[in-house]
Amino acid sequence: MSRFRYLNGIDWVITGLGRSLHRTTGCGNWSQLVLELDGKLDFEAFRSAVQRYASAFPVLHGRAVRGWQLAPVWKMPVHRQPAYVPVERHIFPDDVSLNIIIEQLGRCVAVAPGTPGRYIGFNVFYTAQKTFLAFRFDHRLFDARGAELFIQGLLRYFSDGTAEPPPLSYVSPEKPQLRPWVKKFVSGRHVVRMLHHQRHTAAPFHLDAGLPADSYFRFTLIPLSKPESDELTSRAYEQAGYLMLTPWLAARMTDALGKVLEAPGRSLGGYVIPCSADLRADSAEKMFFNHVAFICLCRPAGEGTAEEWPQRFARQFFEQVRMDMPRHFENAWKLARITPAALFGKLLGGSLKSFAGTFSMASVGDGLSVIQSVAGLSVKNAFHMPLVPPAPGLGFFANTFAGRLNFCLTSYSRLLSDEEHTELAELLKRELLSQT
């Protein structure tokens, strides 16, 4: 089995964002998914299972290097390696609130970059009656769907009570995809034209003058009940079109953000929203590395009413899918792989940061719904908590678990104050649950 796996263009963008995050915030490009369990998880048994399971994946002990064609590759050992995955235990007082739990979970995901072989970690939080199992992961190795596939496999292995390590699992090699150059340049032209137009529609946020050492990330979880989720989905389909939840959510987020920034000097003038799209085929569930691209929605200042924008975003969404813009994004970024990671990270945090848009957005789907129990403990909820780079420094993320929607709002303290973040979360919840 090959020791090398060529990185694609999106992998290299994620690597660059990780360098930018480390330089500006001291954090790596991490994300986290959380399972809320009804009951107490056996901590020692779980920690032991994690080490055995992780030892089966040589990719977890790899690192990015340059291939002889200058295309970046992920170099990994061929044989099984002893695994050490951090698994930490935390105990909350009996009367702890969900907001405090989310705050502590947020501190766990905003961590320094891992050393080689430490691209994942777990934190287990105990309350009087529940366990919150948090899986944090480096985006260089997992996108959101890939992390869901990994945790599903781990929890099946743990729940089965297997004592022996699973068989070695290798990552399928990828071609360098250096040629044909013409298609990549054509895709790059499509992407640059669209982003150039949108860049002049909405200026990005400007960070305040605070020091990075004083900055931090905040998370707010907005969990909905099954009836609330059904009503919201029905209203979104009515206002934006069938299966057009993402455009509808983009309209609600821009409405809420505009109200927060009504104060003089804080208006953005318009919005550009990059939305991630999963490129996996239904029959090819690839676990490791990144298999996403982007659709960019645009809302110029002063155009249309709040009631019109769900459908206008839906038309933009449909048109970019028709033009195959997600594939153009993926293909165009392959040209950036020749740029050294450190330099690329500076560009993404500097001259290219306007392409990051106003805020990040993703609707992950219901992949976590298949996890109904863990070692006999029922799963009450499951949600994602991603970090966002300082540019744009604001993110809005949705997932579904057992028919119930969860929304996570993430912001960087040098972008929004604590008061603005709280106000945005409250306004956003009212926008989501409003009947009008």
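Let me sum up the structure you'll find in this document. (Residues numbered from 1 in each chain as written. Predicted model: local features only at pLDDT ≥ 70, side-chain atom pairs only at ≥ 80, totals over all residues. Heavy atoms only, no water.)

**Some points on the overall build of the protein chain**
Helix and strand counts for the protein chain stand at 11 helices and 15 strands. The proportion of buried residues among the 436 residues of the protein chain is 54%. Long-range pairs, those at least 24 residues apart, make up 77% of the contacts in the protein chain with a sequence separation of at least 6. Of the roughly 19,100 Å² of accessible surface on the protein chain, a fraction of 55% belongs to carbon and sulfur atoms. (Helix = DSSP H or I, 4+ residues; strand = E, 2+ residues; numbered from the N terminus. Buried < 20%, exposed > 50% of the residue type's maximum accessible area, 1.4 Å probe, protein only. Contact = heavy atoms within 4.5 Å. Areas by Shrake-Rupley, 256 points an atom, 1.4 Å probe, with all protein chains shown as cover.)

**Some points on the nonpolar core**
Membership of the largest hydrophobic core comes to 66 residues, with the highest contact counts inside it found for Leu 41, Phe 46, Val 59, Leu 60, Phe 122, Phe 135 and Phe 142. Among the elements that take part in this core, helix α4 (residues 144–160) stands out by supplying seven residues, more than any other. Formed by 39 residues, the second largest nonpolar core is a distinct cluster that contains Leu 297, Leu 394, Leu 405 and Leu 409. (Core = buried A, V, L, I, M, F, W, Y, C linked by side-chain atoms within 4.5 Å.)

**A short note on the sheet that holds strand β3 (residues 63–66)**
Sheet architecture is open: three strands sit in the order β1-β4-β3, paired in antiparallel fashion. Edge positions in the open sheet fall to β1 (4–6) and β3, since each of these has one partner strand only. Looking at each pair of strands side by side, their axes are set apart by 40 degrees on average, direction ignored. Two strands pair when backbone bridges link them, and β1 and strand β4 (residues 72–75) are joined in this way by three bridges, in the antiparallel orientation. Looking at β4, one finds that Tyr 6 is bridged to Val 73. (Pairing = 2+ DSSP bridges. Axes fitted to C-alpha atoms, helices over the stretch in contact; angles between N-to-C directions.)

**Some remarks on the pairing of strand β7 (residues 130–138)**
Of all nine residues in β7, eight are buried, a share of seventy percent or more. Summarising the sheet, strand β6 (residues 120–126) and β7 pair through seven bridges and their orientation is antiparallel. Paired with Phe 122 across the strands is Phe 135, a residue of β7.

**Let's talk about unusual backbone geometry**
Look at Leu 243: it is not a glycine, yet its phi comes out positive at around 65 degrees. Tracing the backbone through its elements, the reader meets Leu 243 in the loop between α6 (226–240) and α7 (245–260). Since its relative accessible area comes to 56%, Leu 243 is described here as exposed. One non-glycine residue with positive phi stands out, namely Phe 289, at about 70 degrees. Its location among the elements puts Phe 289 in the loop between β9 (270–278) and β10 (292–300). Owing to a relative accessible area of 0%, Phe 289 belongs among the buried residues under this scheme.

**Let's talk about the side chain of Thr 254**
With respect to the element layout, Thr 254 can be found in helix α7. The exposure class assigned to Thr 254 is buried, which follows from its relative accessible area of 2%. One polar contact links the side chain of Thr 254 to the main-chain carbonyl oxygen of Ala 251, over a distance of 2.9 Å. Residue contacts for Thr 254: discarding those within four places in its chain leaves Tyr 271, Ile 273, Arg 299, Phe 313 and Phe 359. (Polar contact = N/O pair within 3.5 Å; in protein donor to acceptor, adjacent residues only side chain to side chain.)

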